[in-house]
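# Per-entry structural report
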Amino acid sequence: MSRKILMLPGDGIGPEIVAEAEKVLNKVNDQFSLGLSFETALVGGAAIEEDDTPLPESTLEKAKEADAILLGAVGGPQWDSLPMAKRPEKGLLGLRSNLQLFANLRPAILYPQLASASSLKPEVVSGLDIMIVRELTGGIYFGQPRGVRELESGERQGYNTYAYTESEIRRIGRVAFEAAQQRGKKLCSVDKANVLEVTVMWREIMEDLKREYPDVELSHMYVDNAAMQLVRAPKQFDVIVTGNMFGDILSDEAAMLTGSIGMLPSASLNAQKQGMYEPCHGSAPDIAGKGIANPLATILSAAMVLRYSLGEEKAAEAIEAAVSKVLDQGLRTADIMSEGAEKVSTRAMGEAVLAAL
Ligand SMILES: NC(=O)c1ccc[n+]([C@@H]2O[C@H](COP(=O)([O-])OP(=O)(O)OC[C@H]3O[C@@H](n4cnc5c(N)ncnc54)[C@H](O)[C@@H]3O)[C@@H](O)[C@H]2O)c1
Ligand SMILES: CC(C)[C@H](C(=O)O)[C@@H](O)C(=O)O
Ligand SMILES: [Mg+2]
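Bear in mind that the values here come from a model prediction, so they are computed numbers and not experimental data. (Residues numbered from 1 in each chain as written. Chains lettered and ligands numbered in written order. Predicted model: local features only at pLDDT ≥ 70, side-chain atom pairs only at ≥ 80, totals over all residues. Heavy atoms only, no water.)

## Quick word on the overall build of the protein
Going by this rule: A run of H or I in DSSP counts as a helix once it spans at least four residues, and a run of E counts as a strand once it spans at least two, with each numbered from the N terminus. Think of it in three bands: residues with accessible area under 20% of the maximum for their type are buried, residues over 50% are exposed, and the middle band is partly exposed, with areas taken using a 1.4 Å probe on protein chains only. To be clear on the numbers: accessible area is Shrake-Rupley with a 1.4 Å probe, and residue cover counts the displayed protein chains and nothing else. Charge assignment: positive for Lys and Arg, negative for Asp and Glu; neither His nor the chain ends contribute. All charge positions are set by atom: Lys at NZ, Arg at CZ, Asp at CG, Glu at CD.
Looking only at helices and strands, the protein has twelve helices and 14 strands in total. Dimensions of the protein, computed from C-alpha atoms along their principal axes, come out at roughly 60 × 50 × 45 Å. For the protein, with 357 residues in total, the buried portion stands at 53%. Summed over all atoms, the accessible surface of the protein reaches about 15,100 Å², with 51% contributed by carbon and sulfur. Distance between charge centres in the protein, computed from 36 positive and 49 negative side chains, equals 3 Å.

This is the structure in structure tokens:
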């Protein structure tokens, strides 16, 4: 049986980091006889240059047929002046909505070797292990109506709609409760129920779901407080569940707890557990082409491919152990560099993970 992995390198540092993750997947494919086959396609700015669209039909077709997708990143300043519908980010959002990848899992784990790379005190972050469950195909990212209109006064007004249906909230709630059941049995639902009706309903539905998961302790927190608590005392959290935009922001914040945004992987799953996997960071145009980007978030995303879409837990753990080993060896890309460690390039980091496997 061949299982298809679609690689979507994208833009900026995307091709550099995906190349390292592909080598790692190739190696575990041999070691564990996984029967993986790989294909590559264009998305984002790279697809705009070639096909004049951020999500070519052929890419979408390949994505639908794949067992899992590994994406680097999309976007860059050269495409920022395009109309919204033609921008690279629409390629990513189009994949998420077309494949109904509503459940975005963003685990923020601090590798003990990186305690000094975090901008927070080691005692605040040591042992950190949080899972952010972000709703990914609804909320203000996709709500209608949206746009920029001209008012009678002649002034322009920009507007977006923050909307969730009950069923959208319920299905992401279930994913989060189930994640909590398999971890520390604590779930914090993050909302803005003191201001936004959508999230009043969100809170009600989470309370309602709690009855199905009596072993999980549910709490609620306003998003502004959650942002503060994440840097004050992040270890109070086990699983966090929240909507699309709050989850986008809080997961970048959580990334810094782990030392660098270059360390945070993610899985975006649909109801069939088909998934797209990507680092939480972007295309990092400021360092693209320099060979210094951290490939570990992408390599750890490849481990998540094996765990969540292919059920190959042993191979996933082997990759994670190899990452831990290279950190033990004192190898660091620039973003996680600290005194006494050895600074290495993107490629050298990838090669070290291969060797550790
Ligand atoms: N999933 C995605 O494809 C995705 C996610 C976020 C942003 N973006 C896009 O990326 C572009 C740049 O966005 P941004 O600058 O706000 O965010 P970014 O995540 O690309 O970069 C933020 C900062 O983190 C650094 N950084 C990011 N990844 C790194 C890595 N692996 N190793 C070392 N340093 C790393 C960058 O150098 C930069 O200083 C935009 O076009 C944005 O829309 C794409
Ligand atoms: C690039 C952008 C559309 C995307 C998002 O906002 O979801 C990114 O920031 C992310 O976190 O994956
Ligand atoms: Mg983001």
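## As for the site of ligand 1
Note the cut-off: The nearness test applies per residue and asks whether one of its heavy atoms lies within 4 Å of the molecule or strand. As used in this structure description, the phrase polar contact means that two N or O atoms lie within 3.5 Å; if the pair is within protein, one of them must be able to donate a hydrogen and the other to accept it, and residues adjacent in sequence are counted only when both atoms belong to side chains. Nonpolar residues are Ala, Val, Leu, Ile, Met, Phe, Trp, Tyr, Cys and Pro. Charged residues are Asp, Glu, Lys and Arg, and all others, Gly as well, are polar.
Ligand 1 sits among 21 residues. The nearest are Val74, Glu89, Gly282, Ala284 and Asp286. At 2.9 Å from an oxygen atom of ligand 1 is found a main-chain nitrogen or oxygen belonging to Val74. Within the backbone of Ala284, an N or O atom sits 2.8 Å from an oxygen atom of ligand 1. Here the shell around ligand 1 is composed, by residue class, of ten nonpolar, seven polar and four charged.

## Here's the deal with the domain arrangement of the protein
What counts is decided by this rule: A domain assignment, automatic or from a database, supplies the domain bounds used here. Contact criterion: two residues are considered in contact whenever any of their non-hydrogen atoms come within 4.5 Å of each other. Here's the idea: put two parts together, see how much 1.4 Å probe accessible area each one loses, and the total over both is what we call buried area. Any carboxyl oxygen of Asp or Glu within 4 Å of a side-chain nitrogen of Lys or Arg constitutes a salt bridge here.
Along its sequence, the protein is carved into domain 1 (1–105 + 264–356) and domain 2 (118–258). In this structure, domain 1 and domain 2 have C-alpha centres spaced 24 Å apart. Taken residue by residue, the interface counts 14 residues in domain 1 and 17 residues in domain 2. Counting each side, the surface lost to burial between domain 1 and domain 2 is near 1,300 Å², with a carbon and sulfur contribution of 66%. When the area that domain 1 buries against domain 2 is broken down by residue, the three leading residues are Phe102, Asn104 and Leu264, summing to 44%. At the boundary of domain 1 with domain 2, the tally comes to zero salt bridges. The biggest single contributor to the side of domain 1 that touches domain 2 is helix α4 (residues 88–98), with four residues. Class assignment for the residues of the side of domain 1 that touches domain 2 results in eight nonpolar, four polar and two charged.

## Points about the site of ligand 2
Defined as follows: Site definitions follow a grid-based scheme: protein atoms alone, a 1 Å grid, a 1.4 Å probe that fits but cannot get out for cavities, and for pockets an open set with protein on both sides within 12 Å along at least five of seven lines, plus lining residues having an atom within 4 Å of a point. A pocket or cavity is taken to hold a molecule when more than half of that molecule's atoms are within 2 Å of the pocket's grid points.
Surrounding ligand 2, one finds Glu89, Leu92, Arg96, Arg106, Arg134, Tyr141, Asp248 and Cys280. One of the side-chain N or O atoms of Arg134 is found 2.8 Å from an oxygen atom in ligand 2. In this structure, an oxygen atom belonging to ligand 2 sits 2.5 Å away from a side-chain N or O atom of Tyr141. When isolated, ligand 2 has an accessible area of 320 Å², and the protein chains bury 77% of it. The site holding ligand 2 turns out to be the largest pocket. Per-element accounting of the shell around ligand 2 gives the leading share, three residues, to α4. When the residues that make up the shell around ligand 2 are grouped by side-chain class, the tally is three nonpolar, no polar and five charged.

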